[in-house]
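The lines below spell out each chain.
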Amino acid sequence: MATESENQAVPMVTANASTSRTPTLAPTEKPEKIFGIDFKRWQQKMFFYLTTLCLQKFIKEDVPDLPDKTPENERFIMIEAWKHSDFLCKNYILSGLDDNMYNVYSGVETSKELWNALEKKYKTEDAGMKKFVAAKFLDFKMVDSKSVITQVQELQVIIHDLLAEGLVINEAFQVAAMIEKLPPL
């Protein structure tokens, strides 16, 4: 029969074991699936998510190259641990892709290869987005049929989109552009 002090020791061990685990995030904190648009925003959210899971380094690292002096059993353990963590990282990224994108990228070997392939594909498309937003700004004209306040807010959204794309606009130029875009009346 266990004594009272032995019974009290068991919960402490269980509590310590459960607190030493890496905390898992609520499903709402995982980035939504990407469908091929807003890649930069999704990438930032995914990077943060991977960081909370302590897996972000695998999008930049290759399999570790261990010194020849490393004992074979240690080498095996270290490589397998790296492969396991990379597997988790790669699949967290894949789970953040739309099903069609998942099918395209699921054969990629490592997290780093997957991350680089996504960047190569979608950062190129982001360049087209910059051109689109810049053209939208340049083509914007105010009209008499809408309220000035509504149109200024639309222009502010376009300017915000420009800034989000990394296109910096001088404040004096923004003011001059707004004045130029005012309707004739």
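Structural data are supplied above this passage.
Residues numbered from 1 in each chain as written. Predicted model: local features only at pLDDT ≥ 70, side-chain atom pairs only at ≥ 80, totals over all residues. Heavy atoms only, no water.

**Student:** Tell me about the overall build of the protein chain, and name the residues and values.
**Tutor:** Helices and strands together make up the secondary structure of the protein chain, namely seven helices and zero strands. Overall, the protein chain shows an N-to-C arrangement of helices and strands of α-α-α-α-α-α-α. Within the protein chain, the fraction of its 185 residues that count as buried is 28%. Long-range contacts, defined here as pairs at least 24 residues apart, represent 57% of the contacts in the protein chain between residues at least 6 apart. By element, 59% of the accessible surface of the protein chain is carried by carbon and sulfur atoms, the whole surface being about 13,100 Å². (Helix = DSSP H or I, 4+ residues; strand = E, 2+ residues; numbered from the N terminus. Buried < 20%, exposed > 50% of the residue type's maximum accessible area, 1.4 Å probe, protein only. Contact = heavy atoms within 4.5 Å. Areas by Shrake-Rupley, 256 points an atom, 1.4 Å probe, with all protein chains shown as cover.)

**Student:** Which residues make up the packing of aromatic side chains, and what are the values?
**Tutor:** All told, the structure shown has six aromatic pairs when counted by the stated rule. Three or more aromatic residues joined by ring pairs form one cluster here, namely Phe39, Trp42, Trp115 and Tyr122. The residue whose ring lies beneath Lys121 is Tyr122, and the NZ or CZ to ring-centre distance is 5.6 Å. (Phe/Tyr/Trp six-rings, centres within 6.5 Å; stacked < 30°, edge-to-face > 60°. Lys NZ or Arg CZ within 6 Å of the ring centre and 35° of its normal.)

**Student:** So what's going on with the pattern of salt bridges? Which residues, and what values?
**Tutor:** Applying the stated criterion across every chain yields a total of three salt bridges. The partner of Lys112 in a salt bridge is Asp62, with the nearest N and O atoms 3.2 Å apart. Within this pair, whereas Lys112 is found in helix α5 (residues 111-139), its partner Asp62 is found in the loop between α2 (39-52) and α3 (72-95), the two being separated by 50 residues in sequence. Owing to a relative accessible area of 22%, Lys112 belongs among the partly exposed residues under this scheme. Between Lys83 and Glu80 there is a salt bridge whose closest N-O contact spans 3.9 Å. Taken together, the residues Lys83 and Glu80, both in helix α3 and three residues apart, mark about one turn of the helix. (Salt bridge = Lys/Arg side-chain N within 4 Å of Asp/Glu carboxyl O.)

**Student:** An account of the environment of Ile93 is requested, with residue identities and associated values reported.
**Tutor:** Tracing the sequence through the fold places Ile93 in helix α3. Each C-alpha atom, one on Ile93 and one on Met46, is 7.2 Å from the other, the two residues being 47 residues apart in sequence. Residue contacts for Ile93: discarding those within four places in its chain leaves Trp42, Met46, Leu50, Ile59, Leu114, Trp115 and Leu118.

**Student:** An account of the layout of surface pockets is requested, with residue identities and associated values reported.
**Tutor:** The space that makes up the second largest pocket amounts to roughly 200 Å³. Taken together, Pro31, Glu32, Lys33, Ile34, Phe35, Ile37, Asp38, Arg41, Trp42 and Lys45 make up the full set of residues lining the second largest pocket. (1 Å grid on protein atoms, 1.4 Å probe; cavity = no way out; pocket = protein on both sides within 12 Å on 5 of 7 lines; lining within 4 Å. Points joined across faces, edges and corners; volume = space filled by probe spheres on them.)

**Student:** Give me the lowdown on the side chain of Gln43, citing residues and values where you can.
**Tutor:** When you line up the elements, Gln43 lands in helix α2. With sequence-adjacent residues up to four places away left out, Gln43 is seen in contact with Trp115, Glu119 and Lys123.

**Student:** How would you summarise a nonpolar patch on the surface if you had to cite specific residues and measurements?
**Tutor:** The grouping of Val148, Val175, Ile179 and Leu182 at the surface amounts to a nonpolar patch, some 350 Å² of accessible area in total. Note on placement: Val175 falls in helix α7 (residues 171-180). (Patch = residues over 30% accessible without salt bridge, like charges linked within 9 Å, V, L, I, M, F, W, Y side chains within 5 Å.)

**Student:** I'd like to hear about the nonpolar core, residue by residue, with values.
**Tutor:** Counting residues in each nonpolar core, the largest one holds 22 residues, and the members touching the most others are Trp42, Leu50, Ile93, Leu97, Tyr105 and Leu118. Taken together, the elements giving at least two residues each to this core come down to α2, α3, α4 (99-105) and α5. Looking at which element gives the most residues to this core, the answer is α2, with five residues. For Leu50, the contacting residues outside a window of four places in its chain are Leu55, Gln56, Ile59, Cys89, Tyr92, Ile93 and Trp115. Core analysis: the second largest hydrophobic core is formed by 10 residues, Val133, Ile158, Ile159 and Leu162 among them. (Core = buried A, V, L, I, M, F, W, Y, C linked by side-chain atoms within 4.5 Å.)

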